[in-house]
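Residue-level structure breakdown
Each chain, written out:
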Amino acid sequence: MVERESDDLNLDAIFGALAHPTRRELIEQLASGPDRVSDLAEPHNMSLAAVSKHLQVLEDAGLIDVEKDGRVRRCHLNGAPLSDAFGWLTRYRVFWEDRFDALEDHLEEADQ
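Please read these numbers as outputs of a predicted model, since none were measured by experiment. (Residues numbered from 1 in each chain as written. Predicted model: local features only at pLDDT ≥ 70, side-chain atom pairs only at ≥ 80, totals over all residues. Heavy atoms only, no water.)

Okay, the side chain of His44 next. Here His44 shows up in the loop between helix 3 (37–41) and helix 4 (48–60). Here Gln29 takes part through its side chain, which lies 2.7 Å from a polar atom of the side chain of His44. If near-sequence neighbours (up to four positions away) are discounted, His44 is found in contact with Thr22, Glu25, Leu26, Gln29 and Val51. (Helix = DSSP H or I, 4+ residues; strand = E, 2+ residues; numbered from the N terminus. Polar contact = N/O pair within 3.5 Å; in protein donor to acceptor, adjacent residues only side chain to side chain. Contact = heavy atoms within 4.5 Å.)

A few words now on the pairing of strand 2 (residues 64–69). Pairing of strand 2 with strand 3 (residues 72–77) involves six bridges; the strand directions are antiparallel. Directly across from Asp69, in strand 3, lies its bridge partner Val72. Linkage of strand 2 to strand 3, two consecutive antiparallel strands, is achieved through a turn of two residues, within which Gly70 is found at a positive phi near 70 degrees. (Pairing = 2+ DSSP bridges.)

With that settled, the discussion passes to the packing of aromatic side chains. In the structure shown here, the tally under the stated rule is four aromatic pairs. Both rings, one in Trp88 and one in Tyr92, keep their centres 4.7 Å apart while their planes meet at 45 degrees; by these two values the pair is tilted. Of this pair, Trp88 and Tyr92 both sit in helix 5 (residues 79–111), four residues apart, which is roughly one turn of that helix. Their ring planes at 35 degrees and their centres at 5.9 Å tell us that Trp96 and Phe100 sit as a pair that is tilted. Placement of both Trp96 and Phe100 in helix 5 is noted, with a separation of four residues, approximately one turn of the helix. Here Trp96 falls in the partly exposed class, since its relative accessible area comes to 44%. (Phe/Tyr/Trp six-rings, centres within 6.5 Å; stacked < 30°, edge-to-face > 60°. Buried < 20%, exposed > 50% of the residue type's maximum accessible area, 1.4 Å probe, protein only.)

Right, let's talk about the side chain of Thr22 for a bit. Within the secondary structure, Thr22 is located in helix 2 (residues 21–31). Residue contacts for Thr22: discarding those within four places in its chain leaves His44, Met46 and His54.

Time to look at the sheet that holds strand 2. Through backbone hydrogen bonds, the strands of a sheet pair up, either in parallel or in antiparallel fashion. Within the open sheet, the three strands sit side by side as 1-3-2. Their pairing is antiparallel. Each edge of the sheet is formed by a strand with only one pairing partner; in this case those strands are strand 1 (35–36) and strand 2. Running at roughly 120 degrees to strand 2, helix 4 makes contact with strand 2 and strand 3 of the sheet. (Axes fitted to C-alpha atoms, helices over the stretch in contact; angles between N-to-C directions.)

A complete count under the given rule lists two salt bridges for this structure. In this structure, Arg93 engages Glu97 in a salt bridge whose closest nitrogen and oxygen atoms are separated by 3.0 Å. Of this pair, Arg93 and Glu97 both sit in helix 5, four residues apart, which is roughly one turn of that helix. Overall, the relative accessible area of 47% leaves Arg93 in the partly exposed class. The class of Glu97 is partly exposed, set by a relative accessible area of 35%. (Salt bridge = Lys/Arg side-chain N within 4 Å of Asp/Glu carboxyl O.)

See below:
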């Protein structure tokens, strides 16, 4: 059995949550500031219950925080997990840039 670090599990949850276009749209909506669940649901062609399920996935991944005030639920974007995902992607961006630079050098040498 392969043991996985908790960072890998967090990244799995983050990327899993971001894999759905509706959840990415909800993140974009929250980037402009906190909003009520009902307001977040308004532009989407789905039920409030369906949007709530998407929000739950985002909350489970740590991407949003939900505060309850009576019957009103307000969502806030949590940027830290996005920063973790960006850091992971950046490592591979550097890797591929190095590989492409090496390929470019090789192709230039082959042309001479």
